[in-house]
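One letter stands for each residue in the lines below.
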Amino acid sequence: LSSSVPDWIGASLPDLVILMLQFNQLSGSLPSQLCHLPHLQILDVSVNEISGTIPKCLNNLTSLAQEGNSNLTIRHSFNISQAEPPMTSLYYDDDATFMWKGTLASYKSILGLVKRIDLSSNRLTGEIPSEITYLVGLLSLNLSRNNLSGQIPLDIGKLKLLDSLDLSRNKIGGGIPTSLTHIDRLGAMDLSYNNLSGEIPTGTQLQSFNASSYIGNPWLCGLPLHVCDPEGTGRPNVSSGEDDADELITQGFYISLGLGFAVGFWGICGSLIFKKSWRYAYYNFLNASNDWLYVK
Ligand SMILES: *[C@@H]1O[C@H](CO)[C@@H](O)[C@H](O)[C@H]1NC(C)=O
């Protein structure tokens, strides 16, 4: 599929529960009409060429803004109008297959419990709208591999049911909000390859994720990265000989600079001040050179 996500989806399919359009060539921006889908539980437009910003109206997605669901399955009943009397008990259960924590899995018997947004691998720009923190029913949020900037919403911790959060490979800056430590269920998190800075909140389960969740953030410090990672490689900055060789400007560089100046300057000027015969010899030499130049 190419062209943009049609806005009639939001305008004329008010009962839509699952919208999966991943792996296409959709471009343009996400229509704000998508926010008019009160029953939407799964929105997956990953791996397309969608640009523009994430609609701010996301908080209008009523089902996603509620925790849990009374139905395990997503069931549709239908009538066979020709039957006499009309049969109303016929139904079918939806199933869906999608990436969950990095593996492709099929869901049917508990699909009704799944609430996820996956906008990954697109060309989205701008900030993550703070309205996203109203979607307290979300179990999984994947915004990775876009061009998102700005900061992680401070209230991200409101998404208490979040099990998987992937914001990797964007240009998100600022610090890691401490509210993120309030999500007890967070089982998978990836913040790698952004511009995050500051300390990883200490004494939290955020430190139990391994370093790969944080690598590629040039100014992020703390466990499990151990120290600031100015090269953005995720490699702890512990000196190991050859690693230091390619880094010219270090503390040692400044110390040698100071020492070099002190020794060089005072080695020459100091000895001229304190040793009379050398001083005479030196200025005689300067005078002689001066005369010689003048004559030439
Ligand atoms: C997020 O989506 C990308 C593909 O766009 C996928 O590679 C990655 O594994 C997903 N993250 C999680 C946590 O499932």
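Residues numbered from 1 in each chain as written. Predicted model: local features only at pLDDT ≥ 70, side-chain atom pairs only at ≥ 80, totals over all residues. Heavy atoms only, no water.

Asks: I keep staring at the overall build of the chain and nothing clicks. Help me out?
Replies: Assigned secondary structure in the chain consists of 4 helices and 12 strands. Across the 296 residues that make up the chain, the buried fraction comes to 39%. Pairs at least 24 apart in sequence give 47% of the contacts found in the chain among residues at least 6 apart. (Helix = DSSP H or I, 4+ residues; strand = E, 2+ residues; numbered from the N terminus. Buried < 20%, exposed > 50% of the residue type's maximum accessible area, 1.4 Å probe, protein only. Contact = heavy atoms within 4.5 Å.)

Asks: Which parts of the structure should I look at to understand the sheet that holds strand β9 (residues 164-166)?
Replies: Where strands meet in a sheet, backbone hydrogen bonds hold them as pairs that are either parallel or antiparallel. Strand order across the open sheet formed by 6 strands is β1-β2-β7-β8-β9-β10, with parallel pairing between neighbours. Here the strands that pair on one side only, and so sit at the sheet edges, are β1 (18-20) and β10 (188-190). Strand-to-strand twist across the sheet, computed as the mean angle between neighbouring axes with direction ignored, equals 10°. Bridge count for β9 against β10 is 3 bridges, and the pairing is parallel. (Pairing = 2+ DSSP bridges. Axes fitted to C-alpha atoms, helices over the stretch in contact; angles between N-to-C directions.)

Asks: Help me understand a nonpolar patch on the surface in this model?
Replies: The grouping of F261, F265, W266, I273 and F274 at the surface amounts to a nonpolar patch, some 650 Å² of accessible area in total. Counting through the fold element by element, W266 comes out in helix α3 (residues 251-274). Given the relative accessible area of 52%, W266 is considered exposed. (Patch = residues over 30% accessible without salt bridge, like charges linked within 9 Å, V, L, I, M, F, W, Y side chains within 5 Å. Areas by Shrake-Rupley, 256 points an atom, 1.4 Å probe, with all protein chains shown as cover. Salt bridge = Lys/Arg side-chain N within 4 Å of Asp/Glu carboxyl O.)

Asks: Explain the packing of α3 against helix α4 (residues 276-295) here, please?
Replies: Contact geometry for α3 and α4: axes closest at 5 Å, N-to-C directions at 110°. Here α4 runs roughly perpendicular to α3, going by the angle between their axes. The segment α3 lies against α4, with S271, L272, I273 and F274 engaging K276, W278, R279 and Y282. Of the residues assigned to the contact of α3 with α4, the class counts are 5 nonpolar, 1 polar and 2 charged. (Parallel < 35°, antiparallel > 145°, perpendicular 65-115°, else oblique. Nonpolar A, V, L, I, M, F, W, Y, C, P; charged D, E, K, R; others polar.)

Asks: What is the right way to read the state of the cysteines from this model?
Replies: Note: disulfide means a covalent bond formed between the sulfur atoms of two cysteine side chains. Inspection of the entire model under this criterion finds 1 disulfide. Across the disulfide, C35 is cross-linked to C57 (sulfur-sulfur distance 2.0 Å). Taking the torsion about the S-S bond as the criterion, the C35 to C57 disulfide, at about 65°, is right-handed. Of this pair, C35 sits in the loop between β1 and β2 (42-44) while C57 is found in the loop between β2 and β3 (75-80), placing the two residues 22 residues apart along the sequence. The burial state of C35 is the same as that of C57; both residues are buried. (Disulfide = S-S within 2.5 Å.)

Asks: Just checking my understanding: could you explain the environment of S2 for this structure?
Replies: Relative to the elements of secondary structure, S2 occurs in the segment before α1 (8-12). The exposure class of S2 is exposed, given its relative accessible area of 52%. For the pair S2 and N48, spaced 46 residues apart in sequence, the C-alpha separation works out to 9.0 Å. Those residues in contact with S2 that lie beyond four places of it in its chain are Q25 and L26.

Asks: Would you explain α3 in this entry?
Replies: Structurally, the α-helix is built with 3.6 residues per turn, so residues lying three or four positions apart point the same way. With 24 residues, α3 extends 33 Å from end C-alpha to end C-alpha; this agrees with the ideal 34 Å at 1.5 Å per step. Approximately 35° is the largest bend angle found in α3, and it occurs at W266. Those residues of α3 that sit buried are G270, S271 and L272. Considering only its buried residues, α3 is in contact with α4. (Expected span 1.5 Å × (residues − 1). Bend = angle between axes of the 7 residues up to and from the residue.)

Asks: I tried to follow the layout of surface pockets on my own but got confused; where do I start?
Replies: Over the atoms rolls a probe the size of a water molecule, and in doing so it shows where empty space is left. Estimated volume of the largest pocket: approximately 500 Å³. Counting residues per element, the ones that place at least two in the lining of the largest pocket are β5 (96-100), β7 (116-118), β8 (140-142), β9 and β10. It is β5 that contributes the most residues to the lining of the largest pocket, 4 residues altogether. Computed from the structure, the second largest pocket encloses a volume of approximately 280 Å³. Lining of the second largest pocket is provided by 16 residues; of these, V17, H39, Q41, N69 and N71 occupy positions nearest its centre. Per-class residue counts for the lining of the second largest pocket are 2 nonpolar, 11 polar and 3 charged. (1 Å grid on protein atoms, 1.4 Å probe; cavity = no way out; pocket = protein on both sides within 12 Å on 5 of 7 lines; lining within 4 Å. Points joined across faces, edges and corners; volume = space filled by probe spheres on them.)

Asks: It is not clear to me how the side chain of D118 should be interpreted in this structure. Could you clarify?
Replies: The residue D118 is located in strand β7 in this model. The class of D118 is buried, set by a relative accessible area of 5%. Excluding residues that lie within four positions of it along the chain, D118 makes contacts with L43, D44, V45, S46 and N142.

Asks: Just to check I follow, could you spell out the site of the ligand for this structure?
Replies: With respect to spatial proximity, the complete set of residues near the ligand consists of M99, K101, G102, S120, S121, N142, S144, R145, S164 and D166. S120 has a polar side-chain atom sitting 2.6 Å from an oxygen atom of the ligand. With respect to the ligand, the side chain of N142 contributes an N or O atom lying 2.3 Å from an oxygen atom. When the ligand is considered free in solution it has 360 Å² of accessible area, and contact with the protein chains removes 77% of it. Most atoms of the ligand, that is more than half of them, are within 2 Å of grid points of the largest pocket. A per-class count over the shell around the ligand returns 1 nonpolar, 6 polar and 3 charged. (Near = heavy atom within 4 Å. Polar contact = N/O pair within 3.5 Å; in protein donor to acceptor, adjacent residues only side chain to side chain. Sits in = over half its atoms within 2 Å of the grid points.)

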